[in-house]
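Listed below are the residues making up each chain.
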Amino acid sequence: MGHAPLKPQTLIFSKGYDPRLSEGAAFPPVFRTSTFLFKSAEEGKRAFEIAYGLRQRDPGEIPALIYTRVNNPNVEMVEDRVVAWDGLEAAALFASGMGAISSTCLTFLRPGDTVLFSDPVYGGVEALFRHVLPLYGIRAAPFPADSDRAALEDFARRERNVRAIYLESPANPTMLLADLSAARAVADQLSTPEREVLLLVDNTFMGPIFSRPRDFGADLVLYSATKFIGGHSDLVAGLALGSKRLIDQIKTTRTLFGSNSDPETAWLILRSLGTLQLRMEKQQESARRIVEFLRGHPKVEHVAYPGLTEMGDHQVALFRRQCSGSGSLVSFCVRGAEQEAFRLLDAVREFKLAVSLGGIETLIEHPATMTHSDMTAEEKRRAGIGDNMIRISVGLEDPDDLIADLTHALDRV
Ligand SMILES: Cc1ncc(COP(=O)(O)O)c(C=O)c1O
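Now for a quick tour of the structure. Since we're looking at a predicted model, the values are computed, not measured.

Examining the overall build of the protein
And then number 1: Along the protein, the regular secondary structure elements total 13 helices and twelve strands.
And then number 2: Scaling as 2.2 N^0.38, a compact globule of 413 residues should have a C-alpha radius of gyration of about 22 Å, and the protein matches this with 22 Å.
And then number 3: Across its three principal directions, the C-alpha atoms of the protein cover 70 × 55 × 45 Å.
And then number 4: Here the protein, with 413 residues, has 49% of them falling under the buried criterion.
And then number 5: Within the protein, contacts between residues separated by at least 24 positions form 73% of all contacts whose residues are at least 6 apart in sequence.

Considerations on the nonpolar core
When a protein is soluble and globular, its nonpolar side chains tend to lie buried together.
And then number 1: Within the largest apolar cluster, 115 residues are counted, with the highest numbers of intra-cluster contacts made by Val115, Ile165, Ala183, Leu222, Leu239, Ala240 and Val330.
And then number 2: Other than its neighbours up to four places away in sequence, Val115 contacts Cys105, Leu109, Phe129, Ile138, Ala140, Arg163, Ala164 and Tyr166.

Some details on the sheet that holds strand S3 (residues 139-144)
Sheet strands pair by backbone hydrogen bonding; their relative direction is either parallel or antiparallel.
And then number 1: Overall, mixed pairing links the seven strands, which are arranged S1-S7-S6-S5-S4-S2-S3 in an open sheet. Sheet topology places strand S1 (90-94) and S3 at the edges, where each strand pairs with a single neighbour. When the angles between neighbouring strand axes are averaged without regard to direction, this sheet yields 20°.
And then number 2: Pairing of strand S4 (residues 162-168) with strand S5 (residues 198-202) involves five bridges; the strand directions are parallel. In the sheet register, Glu168 faces S5, and the bridge partner there is Asp202.
And then number 3: Against the sheet, helix H7 (residues 180-190) makes contact with S4 and S5, and its axis sits at roughly 175° relative to S4, the strand it touches most.

Re unusual backbone geometry
Apart from glycine, the bulk of residues carry a negative phi angle, and the bulk of peptide bonds sit in the trans form.
And then number 1: The step from Ser169 to Pro170 runs through a cis peptide bond, and the omega angle for that step is -5°.
And then number 2: Assignment of secondary structure puts Pro170 in the loop between S4 and H7.
And then number 3: In the Ramachandran plot, Ser233 falls in the positive-phi region, its phi being about 50° despite a non-glycine side chain.
And then number 4: A count of 19 C-beta atoms within 10 Å places Ser233 in the partly exposed class.
And then number 5: Phi at Ser356 is positive, roughly 80°, even though this residue is not glycine.

Conventions and cut-offs
Residues numbered from 1 in each chain as written. Predicted model: local features only at pLDDT ≥ 70, side-chain atom pairs only at ≥ 80, totals over all residues. Helix = DSSP H or I, 4+ residues; strand = E, 2+ residues; numbered from the N terminus. Rg over C-alpha atoms; globule rule 2.2 N^0.38 Å. Buried ≥ 20, exposed ≤ 12 C-beta atoms within 10 Å, placed from the backbone. Contact = placed C-beta atoms within 7 Å. Core = buried A, V, L, I, M, F, W, Y, C linked by C-beta atoms within 7 Å. Pairing = 2+ DSSP bridges. Axes fitted to C-alpha atoms, helices over the stretch in contact; angles between N-to-C directions.

This is the structure:
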């Protein structure tokens, strides 16, 4: 009788590592080396051909390691293991989420191309799309994150040379889910045999535990691994996941741009993968309690959290279809404006006032003046990022203490 396929939570403890090759070390050592010895000149030649995209690897071929900017055992172990949850074939680890996103965009976009993107997106991606890609003749066209299929089709019809659709779901910081199936359908409508329109999804907020964009047709799934995947606010990293064919192309860009990660960071991520599911589930449990507290508070005007009825019928339907959980990122608006929001931010004690998210400690920030400060007032208004909006990333502290802290801080507002 055959064994049932292993679940992700089991796979991530062993895949890609043979202890016999490392003196029996139970946990992989850090392969802190810049370069690797070839067994023969022929082996070196073949490894370089693959690394520079001159040749596809043969089925089952494992190319020799070359140089840590190209590949490294710790980096490859993360790449082998992290795909377990998303159900994708291959991964590429990067020095940051922005490294993953910019390297992916510049692998596939060419002068004259257009990328459609859900609005809002993380501020750095926003700046990349609005200010940097146009310098290379690439147009980035924003559409509202909440668009349904008809709206997206209508929007896409007015654009030319679309090469990719980029979604961030849920959107940072409004927590709006993007309709992945609608975007897939539009990408298919716009694709021709010579020109494949790619669907890229930033899955940082919910993935890989509560959302699998591949099930809805994503070609590439992107992460700031700085967030839940690293999970301890002690590293910066990024990931791109997809088919081997696409990831091999992205890895060639990574090699030439030097946007690779390093063995130490990869080792820290390996350590973090074992607790990823546990952390995300526990953080979600606490976030749900905080959401209920905020929803009932008279000084809170609106709570944005996936699945809540006040997010609207379309959002609730998307949540039921696309997500297996709601995560631990919550945005809410206090009654008032910037001054009231700042009063709360300055009054909390257990919530740490800092950008970033997904770590084991609870963070709080003000999107309008921090993560999304690069947007114009009009862009923020359109995206629904008000001066009274606060974003929290719930960590692993006792939720009773977090609620007590918020109660005290809201009293100051
Ligand atoms: C949703 C999302 N995507 C991408 C990024 C960029 O990742 P990094 O800071 O690791 O470069 C961030 C950073 O906050 C983010 O929140």
